[in-house]
Amino acid sequence: MTIQQNLQQLQTQIQQACEQAQRASTDITLLAVSKTKPVEAILAAYQAGQRQFGENYVQEGVEKIQHFEGQGFDLEWHFIGPLQSNKSRLVAEHFDWIQTLDRAKIADRLNDQRPHYKKPLNVLIQINISDESSKSGIQPAEMLDLAKHIKNLPHLCLRGLMAIPAPTNDIHQQKQAFMQMQQLFEQLQRALPECQIDTLSMGMSDDLTAAIECGSTMVRIGTAIFGARDYTPK
Ligand SMILES: *Cc1c(COP(=O)(O)O)cnc(C)c1O
């Protein structure tokens, strides 16, 4: 299957999940996760209509962003990997979104480093919803404090929440994590009505139906679009 066919199949899958959940498919953004994939693969997705791309590694992402910017493409770039504070400047200067914010200190750095001629950096707070082994993301109880902190930073724009639940084949466990995220998301919307809280990033290829049923507005998909990743050194 080509990248174009993979994207079409995913759009169909998203549409079916939306029909089941009685939601509009236009409410869901498909984020194409292009980490480790070459610019040719991104170009193929672009030519099939894809505009939002997710990258996990700062340096690799910046190289791709500069490649496409140099050619005048209108792509939207999301940073979705863990961020070390010494790499924050590159994210602030080049990306449109960061989905993995989980510390006030990094928020401050990104705010200071965001170029003023650019629009504010869109931010999702990463919640550690079920994966106790993971160091990424904050606990649900810490969400509001961090959100209020971000709200006061003029070069960041808080847009919502992101989660990577622990992988499981149990649909009920899956849904439990997603439903918890939906509740947190609604709590955040109620607490900060002055912010544009409109993005709940959750769901990957195996669980996008459950995620959409529970209010996801953005699903993040790599392998099902671009094929398996090759991590062996070149
Ligand atoms: C890699 C990655 C994805 C996509 O994973 P696939 O299994 O390739 O679809 C989604 N979200 C995050 C945060 C990722 O790091």
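It should be emphasised that the depicted structure is a prediction, and the values quoted were computed from it without experimental measurement. (Residues numbered from 1 in each chain as written. Predicted model: local features only at pLDDT ≥ 70, side-chain atom pairs only at ≥ 80, totals over all residues. Heavy atoms only, no water.)

(A) Structural context of the layout of surface pockets. Within this model, the largest pocket holds a volume of roughly 920 Å³. As for the largest pocket, its lining consists of 41 residues, of which I164, P165, P167, M204 and R220 are closest to the centre. When contributions to the lining of the largest pocket are tallied by element, the ones reaching two or more residues are β5 (121-127), β6 (156-163), α7 (171-191), β8 (218-221) and α9 (223-226). Ranked by residues supplied to the lining of the largest pocket, first place goes to α7 with six residues. Along the lines of polarity and charge, the residues of the lining of the largest pocket split into 17 nonpolar, 18 polar and six charged. In this structure, the second largest pocket encloses a volume near 270 Å³. Lining the second largest pocket are 16 residues; nearest its centre among them are L75, E76, D96, R114 and K119. (1 Å grid on protein atoms, 1.4 Å probe; cavity = no way out; pocket = protein on both sides within 12 Å on 5 of 7 lines; lining within 4 Å. Points joined across faces, edges and corners; volume = space filled by probe spheres on them. Helix = DSSP H or I, 4+ residues; strand = E, 2+ residues; numbered from the N terminus. Nonpolar A, V, L, I, M, F, W, Y, C, P; charged D, E, K, R; others polar.)

(B) Representation of the site of the ligand. Around the ligand, the surrounding shell consists of V33, K35, N56, I80, M162, I164, M204, R220, I221, G222, T223 and R229. N56 places a side-chain nitrogen or oxygen 2.7 Å from an oxygen atom of the ligand. Between the ligand and G222, the relevant distance is 2.8 Å, taken from an oxygen atom to a main-chain nitrogen or oxygen of the residue. Contact with the protein chains removes 87% of the 390 Å² of surface that the ligand exposes when unbound. Put simply, the ligand lies in the largest pocket. By residue class, the composition of the shell around the ligand is six nonpolar, three polar and three charged. (Near = heavy atom within 4 Å. Polar contact = N/O pair within 3.5 Å; in protein donor to acceptor, adjacent residues only side chain to side chain. Areas by Shrake-Rupley, 256 points an atom, 1.4 Å probe, with all protein chains shown as cover. Sits in = over half its atoms within 2 Å of the grid points.)

(C) Expanded view of the UniProt feature "domain: Alanine racemase N-terminal" (unreviewed entry) in the chain. In this numbering, the UniProt entry assigns the feature "domain: Alanine racemase N-terminal" (unreviewed entry) to residues 6-229. In residues 6-229, the share of helix is 42% and the share of strand is 18%. The end C-alpha atoms are 15 Å apart. (UniProt positions renumbered as here; feature names shortened; annotations may be inferred.)

(D) Just the packing of aromatic side chains, in detail. A full pass over the atoms with the stated rule returns five aromatic pairs. Aromatic side chains F68 and W77 sit 6.2 Å apart centroid to centroid with 35 degrees between the ring planes, which places their arrangement in the tilted category. W77 matches F68 in its accessibility class, with the two residues each being buried. An angle of 75 degrees between the planes, with centres 5.4 Å apart, marks the rings of F79 and F95 as edge-to-face. Of this pair, F79 sits in strand β3 (residues 76-79) while F95 sits in the loop between α4 (88-94) and β4 (97-101); the two residues are 16 residues apart in sequence, bridging distant segments of the chain. A single burial state applies to F79 and to F95, both of which are buried. (Phe/Tyr/Trp six-rings, centres within 6.5 Å; stacked < 30°, edge-to-face > 60°. Buried < 20%, exposed > 50% of the residue type's maximum accessible area, 1.4 Å probe, protein only.)

(E) Highlighting the pattern of salt bridges. A complete count under the given rule lists eight salt bridges for this structure. Its salt-bridge partner being K64, residue E55 comes within 2.9 Å of it at the nearest N-O pair. K64 gets classed as buried once you look at its relative accessible area, which sits at 6%. For R89, the salt bridge goes to E93, with nearest N and O atoms at 3.6 Å. Pair noted here: R89 and E93 are both in helix α4, with a separation of four residues, about one helical turn. With a relative accessible area of 44%, R89 lands in the partly exposed category. (Salt bridge = Lys/Arg side-chain N within 4 Å of Asp/Glu carboxyl O.)

(F) Spatial organisation of the pairing of β4. With five of five residues buried, β4 lies mostly within the body of the structure. Two elements, β3 and β4, share two bridges in a ladder whose sense is parallel. Along β4, the bridge assignment pairs H78 with W97. Taken together, β3, α4 and β4 form a β-α-β motif whose crossover is right-handed. Relative to β5, β4 runs parallel, the two being bridged by three bridges. Bridging across to β5, W97 finds its partner in N122. Taken together, β4, helix α5 (residues 104-113) and β5 form a β-α-β motif whose crossover is right-handed. (Pairing = 2+ DSSP bridges. Right-handed = clockwise from strand over helix to strand, strands pointing away.)

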